[in-house]
Amino acid sequence: MVATLVQLCNVEAFASCEWEELKGTHFIVNFCKDDLSFAREILREAEKNYSRIAHYLGYARYSNFWTWEHRVKIYIYPDRRSFSQARKRPQWSEGMADYTKKEIASYAQSKNFLETILPHEMAHLMFRDFVGFQGEVPLWLDEGVAQWAEAKRRQEVKALMRVFVKRKTLIPLKRMMTSNVRNVTNRNIFRVYSSLRPEAAPFVMRGNNFVKLYYLQAASLVGFLIERFGTERFTNFCRGLRDGKALREALKSSYPQSVSTMEGLEAEWLQYIQQE
Ligand SMILES: [Zn+2]
């Protein structure tokens, strides 16, 4: 019964959509016939983002890995409802990347698509293409890389981080290493011992706020590694993870001694936030 209902909903949602394709060098945009101008804009932005992200991740020399039959497919559904039904995403979701099929999906009226979702999901795919699935890649690195690709948010990330440092309410790096925030809900309560005030009692956060702060810190950490030490070291670090090095080992072989331990990394990162 449920399956029939879902099928009926899908038929209804796609009744008015005739899918068409627009092909570029690295992408194929699939869109409903009426959204041609949006699809053109997406293709233009995607190609622009491709070189920008490859450059800041230091992957420029791998610039041909998404051509011809390896092109990434972007699917633009006509509206949020058809997107979330077809891709089995929660109602609040605005976009997604499928790492194995190399697909990005969102919907036509999404106002955040071009500036936020597209670069974010592209960076996830490019990062995964490079580091693979075998190595020890922490969630903060994966999400940090994707958020740093949202160039327009960088200043906001820096400003917010300064506020949290001032309040001394940051999640310690060690805690970030072991937190899996993917399944957190607002019912979860977190007690966090701030590394900036180790003698104080823990501060308490609801799940959603913990996740937001975790994401913010992830973006800031990746920004710190790239801005302070350059893309070459960052690529080296990612290559180390890809080749099976543990995180600490990869840090050690790519970065100066002062940031080659978790404690050193955290201390220099906190300094960078205050100086920026
Ligand atoms: Zn993400």
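In the block above lies the structure referred to throughout.
Reading the values: the criteria
- Residues numbered from 1 in each chain as written.
- Predicted model: local features only at pLDDT ≥ 70, side-chain atom pairs only at ≥ 80, totals over all residues.
- Heavy atoms only, no water.
- Disulfide = S-S within 2.5 Å.
- Helix = DSSP H or I, 4+ residues; strand = E, 2+ residues; numbered from the N terminus.
- Buried < 20%, exposed > 50% of the residue type's maximum accessible area, 1.4 Å probe, protein only.
- 1 Å grid on protein atoms, 1.4 Å probe; cavity = no way out; pocket = protein on both sides within 12 Å on 5 of 7 lines; lining within 4 Å.
- Points joined across faces, edges and corners; volume = space filled by probe spheres on them.
- Nonpolar A, V, L, I, M, F, W, Y, C, P; charged D, E, K, R; others polar.
- Domains from an automatic or database assignment.
- Axes fitted to C-alpha atoms, helices over the stretch in contact; angles between N-to-C directions.
- Parallel < 35°, antiparallel > 145°, perpendicular 65-115°, else oblique.
- Left-handed = near helix turned anticlockwise from the far one by under 90°.
- Contact = heavy atoms within 4.5 Å.

Colleague: Sorry if this is basic, but what is going on with the state of the cysteines here?
Modeller: Note on terminology: a disulfide is the covalent bond linking the sulfur atoms of two cysteines. Tallied over the full model, the rule gives 1 disulfide. Note on cysteine connectivity: Cys17 is disulfide-linked to Cys32, with sulfurs 1.9 Å apart. Disulfide Cys17-Cys32: torsion about the S-S bond near -100°, hence left-handed. With Cys17 in the loop between α1 (2–14) and β1 (19–23) and Cys32 in strand β2 (residues 27–32), this residue pair connects regions lying 15 residues apart in the sequence. A relative accessible area of 11% means that Cys17 is categorised as buried.

Colleague: Looking at this structure, how should I read the layout of surface pockets?
Modeller: Quantified by volume, the largest pocket comes out at close to 1200 Å³. In terms of residues, the lining of the largest pocket owes the most to one element, helix α4 (residues 113–131), which gives 5 residues. Of the residues in the lining of the largest pocket, the class split is 10 nonpolar, 8 polar and 8 charged. Among the domains, domain 1 (13–131) and domain 2 (139–275) are the pair contributing at least three residues each to the lining of the largest pocket. Of the voids in this model, the second largest pocket is the one considered here, and its volume is about 180 Å³. Taken together, Glu45, Lys48, Asn49, Arg52, Leu114, Glu115, Pro119, Ala149, Glu150, Ala151 and Lys152 make up the lining of the second largest pocket. Every element with two or more residues in the lining of the second largest pocket is listed here: α2 (36–57) and α4.

Colleague: Please clarify how the packing of helix α6 (residues 154–167) against helix α8 (residues 207–242) should be interpreted in this entry.
Modeller: α8 packs onto α6 with a crossing angle of 115° between their chain directions and a minimal axis gap of 10 Å. Judged on the interaxial angle alone, α8 and α6 are roughly perpendicular. Viewed along their axes, α6 and α8 form a crossing whose handedness is left-handed. Contacts between α6 and α8 pair Val157, Lys158, Leu160, Met161 and Phe164 from the former with Leu213, Leu216, Gln217, Ala219, Ser220 and Glu227 from the latter.

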